[in-house]
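# Architecture at a glance
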Amino acid sequence: MTPISIAFLPLTDSAILVAAKELGFAAEAGLDLTLVRSTSWATVRDRVVYGQVQGAHMLAPLAVAVTLGLSQQPAPLVAPFRLNLNGNALTLSAEFAAALDPVLANRVQDPIATAHDFASAIGMHRRKPVIGVVHRFSTHALMLRYWLGFAGVDPDRDLVLRVLPPSLMVEALRTGEIDGFMAGEPWSSVAVSEGLGQIAAFGSRMWRRGVEKVLATRGDWAEANPDTLDALLVVLDRSAVWCDTAENHEALAAMLAAPAYVNRPAELILPAVSGRLVVGQGEVPTIDPDFLMLHREAANAPSPDHGLWIYSQFVRWGMVEASGTAQADAAAVFRPDLYRRSLPDRAAAGPVQGFFDDRDFDPARVADYVQGQRSGHG
């Protein structure tokens, strides 16, 4: 058996990794898979960068940021497999959400109207709103900025973005430290179940096919261990097929509920997996079958275009200086060649598209795209 350790955070979108271990897929492929539960994305990052683990369940933009040296010394990472598309929600306190559409289902159905309502609510709130994000370099934070920017909100001027681990979001909302948060499940469902907040937006409606978590490894480890990496990707693909099959959703939620993993009731994990989320206490579930995509529509195939979109947002928000080298390095994090080597029969990822504002991303015009956004729209 070949030992391999992967760091993860207790989130519903760790599903593919958990199922790969618990269903014996890894063991059948000769891999002794250990999943290392972590408390924050910074811990996950450090564990893979400093070689404590061979892989990580990682925020896609964080893999790019680490490679570019934005959060520490540069450490080239590669992402040969996407663990999911979508899976996030924006949850607001009842006080702040009162300024939005009174029909809660309308909020998630119409992200453009909700963005404008959010912009108006800022001026009526008792303080500059404080919104929790799981990491500065997260899809959550970049999508939130993109969405608010569309409505004319400057997220660095008009509100406070506070970084908190996902598992602390609900408690921070309870104590009034934050007025809302954007995080992966099950934390929005937990907040709603406890009457602490209402879901105002689904990430899947902001960016209908948004890259979220990836399997990240050090580039030098991937190069030195091609057979192990190939075996791992085959295992993860098999697990992804199982996880994305509707008949398995209840069993998957029960598996994730275990103390070693998400450690929350299965009934609060199942909504994201099944695409039936309750957006406020007493509400009927809002159905979005694409809320969390684990395999279908080439969800696992990496694409350099996603690295370029992430890079464009880093430049837009002043996180990195524009340069040809940074642009190339960001694109190179996503490795479709490694994916195709181990899974030659799987489809390639499609282009970056599906944003709520109907704007397409053209990777050949990254500089123009960034420059155009600096005026505020989109």
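Up top is the structure.
Computed from a prediction, not measured in an experiment: that's the story for all the values here.

### A short note on unusual backbone geometry
The phi torsion of most residues other than glycine is negative, and most of the peptide bonds are trans. Cis geometry marks the peptide bond from Glu 185 to Pro 186, where omega comes out at 15°. Locating Pro 186 in the fold gives a position in the loop between strand S9 (180-184) and helix H10 (187-193). Despite not being glycine, Asn 263 has its phi angle at roughly 60°, a positive value. Mapped onto the fold, Asn 263 is located in the loop between helix H14 (249-256) and helix H15 (266-274). You can call Asn 263 partly exposed: its relative accessible area is 36%. Phi angles above zero are rare outside glycine, and Asp 358 is one such case at about 60°. Along the chain, the position of Asp 358 falls in the loop between helix H18 (336-342) and helix H19 (366-373).

### Notes on the sheet that holds strand S1 (residues 2-8)
Taken in spatial order, the 5 strands make up an open sheet running S2-S1-S3-S11-S4, and their pairing is mixed. The sheet is open, and its two borders are formed by strand S2 (31-37) and strand S4 (77-82), each paired with just one other strand. Looking at each pair of strands side by side, their axes are set apart by 30° on average, direction ignored. With 2 bridges connecting them, S1 and strand S3 (residues 55-59) associate as parallel partners. Residue pairing in the sheet places Ala 7 in a bridge with Ala 56 of S3. Across the sheet, helix H4 (residues 60-68) lies against S3, S4 and strand S11 (213-218), angled at about 105° from S3, the strand it touches most.

### Some details on the pattern of salt bridges
Under the counting rule described, the total for this entry stands at 22 salt bridges. Between Glu 177 and Arg 162 there is a salt bridge whose closest N-O contact spans 3.8 Å. Note that Glu 177 is positioned in the loop between helix H9 (169-175) and S9 and Arg 162 in strand S8 (residues 160-163), a separation of 15 residues in sequence. Close ionic contact of Arg 205 with Asp 288 constitutes a salt bridge, the shortest N to O distance being 3.1 Å. A residue pair is termed long-range when its members are at least 10 positions apart, and Arg 205 in helix H11 (residues 203-206) and Asp 288 in the loop between strand S13 (286-287) and strand S14 (292-293) qualify at 83 residues. Neither Arg 205 nor Asp 288 differs from the other in exposure class; each is buried. Linked by salt bridges that have partners in common, Arg 209, Asp 244, Asp 290, Arg 296 and Glu 297 make up one network.

### A look at the packing of helix H7 (residues 111-124) against helix H8 (residues 139-150)
Put simply, H7 and H8 touch, their axes get as near as 8 Å, and they point 80° apart. As the angle between them shows, H7 and H8 are arranged roughly perpendicular. Here H7 contributes Pro 111, Ile 112, Thr 114, Ala 115, His 116 and Phe 118 to the contact with H8, which in turn contributes Trp 147, Leu 148 and Phe 150. When its residues are assigned to classes, the contact of H7 with H8 shows 7 nonpolar, 2 polar and no charged.

### Here's the deal with the nonpolar core
Counting residues in each nonpolar core, the largest one holds 86 residues, and the members touching the most others are Phe 118, Trp 147 and Phe 314. Top contributing element to this core by residue count: H8, with 8 residues. For Phe 118, the contacting residues outside a window of four places in its chain are Leu 90, Leu 92, Phe 96, Leu 100, Ile 131, Trp 147, Leu 148 and Leu 159. Ranked by size, the runner-up nonpolar core spans 55 residues in total, among them Val 18, Leu 31, Leu 236 and Leu 252.

### As for the environment of Ala 151
When you line up the elements, Ala 151 lands in the loop between H8 and S8. Judged by its relative accessible area of 15%, Ala 151 falls in the buried class. Each C-alpha atom of the pair Ala 151 and Ala 113 lies 9.0 Å from the other, and the pair is 38 residues apart in sequence. Beyond its immediate sequence surroundings of up to four residues, Ala 151 is in contact with Ala 115, His 116 and Ala 119.

### Thoughts on the packing of aromatic side chains
By the definition in use, this model includes 13 aromatic pairs. With centroids separated by 5.8 Å and ring planes inclined at 90°, the aromatic side chains of Tyr 146 and Phe 356 adopt a geometry described as edge-to-face. Residue Tyr 146 is found in helix H8, and its partner Phe 356 is found in the loop between H18 and H19; the two are separated by 210 residues along the sequence. Classification of Tyr 146 by relative accessible area gives buried; the value is 2%.

### So, H15
Along H15, the residues that are buried comprise Leu 268, Ile 269, Pro 271, Ala 272 and Val 273. Where H15 is buried, its residues meet H10, H14, strand S12 (276-277) and S14. Looking one or two places after H15, you find Gly 275, whose phi comes out positive at around 75°.

### Re the sheet that holds strand S10 (residues 198-202)
Pairing within the open sheet is mixed, and its 5 strands lie in the order S8-S7-S9-S6-S10. With one partner strand each, in any of the chains shown, S8 and S10 form the two edges of the open sheet. Taken over all neighbouring pairs, the strand axes of this sheet differ in orientation by 25° on average, direction set aside. Inspection of the sheet shows strand S7 (residues 130-133) paired to S9 by 3 bridges, in the parallel sense. Its bridge partner being in S9, Gly 132 is matched across the sheet by Phe 181. Docked against the sheet, H8 engages strand S6 (88-92), S7, S8, S9 and S10, running at close to 130° with respect to S9.

Rules used in this analysis
Residues numbered from 1 in each chain as written. Predicted model: local features only at pLDDT ≥ 70, side-chain atom pairs only at ≥ 80, totals over all residues. Heavy atoms only, no water. Helix = DSSP H or I, 4+ residues; strand = E, 2+ residues; numbered from the N terminus. Buried < 20%, exposed > 50% of the residue type's maximum accessible area, 1.4 Å probe, protein only. Pairing = 2+ DSSP bridges. Axes fitted to C-alpha atoms, helices over the stretch in contact; angles between N-to-C directions. Contact = heavy atoms within 4.5 Å. Salt bridge = Lys/Arg side-chain N within 4 Å of Asp/Glu carboxyl O. Parallel < 35°, antiparallel > 145°, perpendicular 65-115°, else oblique. Nonpolar A, V, L, I, M, F, W, Y, C, P; charged D, E, K, R; others polar. Core = buried A, V, L, I, M, F, W, Y, C linked by side-chain atoms within 4.5 Å. Phe/Tyr/Trp six-rings, centres within 6.5 Å; stacked < 30°, edge-to-face > 60°.

As far as function goes, none of this settles anything; it's purely spatial.
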